[in-house]
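Chains, contacts and geometry: an overview
Chain by chain, the residues run as shown.
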Amino acid sequence: MTRLNRRQFLKGSATLAAGFMIVPRHVLGGPGYIAPSDEITLGIIGCGRQSGGLGKQFGKLADCRIIAACDVDATKLERFVKRDKENQKSYARVRGDGKSSEVQGYRDFREMLNRDDLDAIIVATPDHWHAVISIMGMKAGKDVYCEKPLAQSVKEGRAMVDAAHLYERVVQTGSMQRSWKDFRTACELVRNGYLGEIKEVIVNVGGGPPKPYDLPKQNPGRDIDWDMWCGPSPLLNYNHDLAPPIPEKFWPKWRYYAETGGGMIGDWGAHMFDIAQWGLGMDHSGPVSLTPTGTTDKPEMTMKYANGITMIQKDFGRGNAVRFIGSEGSLDVSRKFLESDINGLVRDADKLEMETRLYKSDNHYADFIQAIKNRSKPICDVETGHRTSSLCNIVNIAYAVNKAVMWDPVKEKFSGSGKANKLRSRKLRGDWKLS
């Protein structure tokens, strides 16, 4: 027999009960009341600096509730639980039930995944943990919101896609720019030919590839399970730069080291390459060649797509942004601006005819919750997230081998480069695995 999960049981019970009595929702709660069977329960894994914003974004939604949190750092876990308890007082008014709930804390995410009353997890850990935790969560029957970049290697990203299909899970990548109007408008203008034929795309991600870990050993000075923090990556020397104590005065620098992150290529590339791929209609593909063209001080990468379009990763003087260049003009987009040298194009964008319309999401977090309820793909599903993170991965690989490489986006392999192909995956420490 197929084992019923909690939500299936509740829905089945509700169907049976309906035959005897129908109770209006306004009797059960105030305006906007969300019945427990309609509420999505969440657990967050990783309570560092990023968790504060994620907690608020999900907490403001009326149809979900964070009920669990996990971190290997006791002080950060305690802070999240305490902060969320205060936030719940205002979130309760949004839900209309007048109730606040206390988050249960965990030091080991595996204990959290054993809860059968948990619908989904938010993975807000450093990059080196994304794939292992997400796959284990899917295997445990949880849907997953995973921060960007989705995976630290091509192999890990593909394993996440395979797991999502095998376990029939909803996965949203935290590339939230897809839920911002300016980025969607930019990509619709490109896809509908308002720049003419696209010749070139320039992408600035604010820096280059990661470097080998070289920080000296320090004393944590607090209760943190450092072996578990390193997890599937090599056991590194503890240093405050990787996991700063609270209150964090800077973003953790694990993203700059190859053992734990993808450098600025992985960090901001997961945002800006993502928009470039969206605009080019390449969500399920990628470039076919990559050539390092810059210097050590100014890393640049020139990529070619099979359709002849060139994408160049370099600083073009406008901060972290994307520039689409077509036969009729160009368009620049970032978090601060949407501009074109075609007179009136941006101003009149809402009035223009668009034969191709892209997935419209105005709230990246609500979109994930709705996808869970509908059992549908969210705006940045697992395949899309993988294709963006794998682009970041292969750019870093091309930098590492320091030569032109040919890439097959269908087979997800390099042609004629054994060293580059070996870098598509990494060895996981201990008993951690992608299954």
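Residues numbered from 1 in each chain as written. Predicted model: local features only at pLDDT ≥ 70, side-chain atom pairs only at ≥ 80, totals over all residues. Heavy atoms only, no water.

1. Observations concerning the overall build of the protein chain
Inclusion rule: Secondary structure counts use DSSP, requiring at least four H or I residues in a row for a helix and at least two E residues in a row for a strand, with both numbered from the N terminus. The rule is simple: take the accessible area with a 1.4 Å probe, protein chains only, and divide by the maximum for that residue type; under 20% is buried, over 50% is exposed, in between is partly exposed. Working rule for contacts: check all heavy atoms of both residues, and any pair within 4.5 Å makes them a contact.
Check the secondary structure of the protein chain and you find 14 helices and 15 strands. When the 435 residues of the protein chain are sorted by exposure, 55% land in the buried category. When contacts within the protein chain are restricted to residue pairs at least 6 apart in sequence, long-range pairs at least 24 apart make up 72% of them.

2. Some thoughts on the nonpolar core
Where we set the bar: Grouping buried Ala, Val, Leu, Ile, Met, Phe, Trp, Tyr and Cys residues that are joined through side-chain atoms within 4.5 Å yields what is termed a nonpolar core.
By size, the foremost hydrophobic cluster in this structure holds 48 residues, and its most contacted members are V201 and F273. Sort the elements by how many residues they give to this core and helix α13 (residues 382–401) lands first, with eight residues. Apart from the residues within four sequence positions on either side, F273 is in contact with V203, V205, I265, M303, M311, Q313, L391, C392 and V395. One finds V132, I133, A159 and A163 within the second-largest nonpolar core, a separate group that totals 44 residues.

3. Here we look at the sheet that holds strand β1 (residues 40–45)
Under the convention used in this document: Should DSSP find at least two bridges between two strands, the strands are regarded as paired. Each axis is a line fitted through C-alpha atoms, taken for helices only over the stretch in contact, and angles between the N-to-C directions span 0 to 180 degrees.
With parallel pairing, six strands are arranged side by side in an open sheet as β3-β2-β1-β4-β5-β6. In the strand order of this sheet, the two ends are held by β3 (104–106) and β6 (171–173), each with one partner. Direction aside, the axes of adjacent strands within the sheet are offset by 25° on average. Inspection of the sheet shows strand β4 (residues 120–123) paired to strand β5 (residues 143–146) by four bridges, in the parallel sense. Counterpart to A120 in the pairing with β5 is D143. On top of the sheet, helix α12 (residues 364–374) reaches β1, β2 (64–70), β4, β5 and β6; it is set at about 165° to β5, its chief contact.

4. Examining the pairing of β2
Put simply, the test is: Convention used here: a crossover is right-handed provided that the path from the first strand, over the helix, to the second strand proceeds clockwise when the strands point away from the viewer.
Burial analysis of β2 places seven of its seven residues in the buried class, the great majority of the element. Assessed by its sense of winding, the connection that carries the chain from β1 through helix α3 (residues 49–59) to β2 is right-handed. One ladder, built from three bridges, connects β2 with β3; its direction is parallel. Counted as the bridge partner of A68 is Q104 from β3.

5. Some words on the pairing of strand β10 (residues 310–313)
Of the two faces of β10, the one carrying T310 and I312 and the one carrying M311 and Q313 are both buried. Bridge count between strand β7 (residues 198–203) and β10: four bridges; the pairing is parallel. Bridged to E200 within β10 is T310. Inspection of the sheet shows strand β9 (residues 301–304) paired to β10 by four bridges, in the antiparallel sense. When the sheet's bridge partners are listed, M301 is paired in β10 with Q313. Between β9 and β10, which pair antiparallel and follow one another directly, the connecting turn spans five residues, one of which, G308, has a positive phi of 95°.

6. Overview of the packing of helix α11 (residues 269–280) against α13
Going by this rule: Orientation labels follow simple angle bins: below 35 degrees gives roughly parallel, above 145 gives roughly antiparallel, 65 to 115 gives roughly perpendicular, and whatever is left gives oblique. Left-handed is the label given to a crossing in which the near helix is rotated counterclockwise from the far helix by less than a right angle, and right-handed is the label when the rotation is clockwise. Under the grouping applied here, Gly and all other residues not named as nonpolar or charged are polar, the nonpolar ones being Ala, Val, Leu, Ile, Met, Phe, Trp, Tyr, Cys and Pro and the charged ones Asp, Glu, Lys and Arg.
Running from N to C, α11 and α13 cross one another at 115°; their axes reach a closest spacing of 9 Å. It follows that α11 is roughly perpendicular to α13 by the angle criterion. When you trace α11 past α13, the crossing you get is right-handed. Here α11 contributes G269, A270, F273, D274 and Q277 to the contact with α13, which in turn contributes T384, R387, T388, L391, C392 and V395. Broken down by class, the residue content of the contact of α11 with α13 amounts to five nonpolar, four polar and two charged.

7. Describing helix α7 (residues 154–167)
Put simply, the rule reads: For a helix, the expected span equals 1.5 Å multiplied by the number of residues minus one.
The terminal C-alpha atoms of α7, which comprises 14 residues, lie 20 Å apart, in line with the 20 Å expected from a rise of 1.5 Å per residue. Taken together, the buried positions of α7 are occupied by V154, E156, G157, A159, M160, V161, A163 and A164. The inward-facing, buried residues of α7 abut α6 (130–139), β5, β6, α13 and β14 (405–408). Just past α7, the residue E168 takes up positive phi, approximately 55°.

8. Details of helix α8 (residues 181–191)
Residue pairs spaced three or four apart in an α-helix point in one direction, given the helix's 3.6 residues per turn. Summarising burial for α8: eight of the 11 residues are buried, a large majority. Every buried residue of α8 is listed here: F183, R184, T185, A186, C187, E188, L189 and V190. Against β7, α11, β11 (322–326), β12 (330–333) and β13 (338–340) lie the buried residues of α8. Two residues or fewer past α8, G193 is found with a positive phi of approximately 80°.

9. Brief notes about the packing of α7 against α13
It is the contact of α7 with α13, at a shortest axis distance of 9 Å, that shows an interaxial angle of 175°. It follows that α7 is roughly antiparallel to α13 by the angle criterion. Residues V154, G157, R158, M160, V161 and A164 of α7 form the contact with α13, whose participating residues are V382, E383, H386, R387, S390, N393 and I394. Each residue belonging to the contact of α7 with α13 can be placed in one class, and the counts come to six nonpolar, four polar and three charged.

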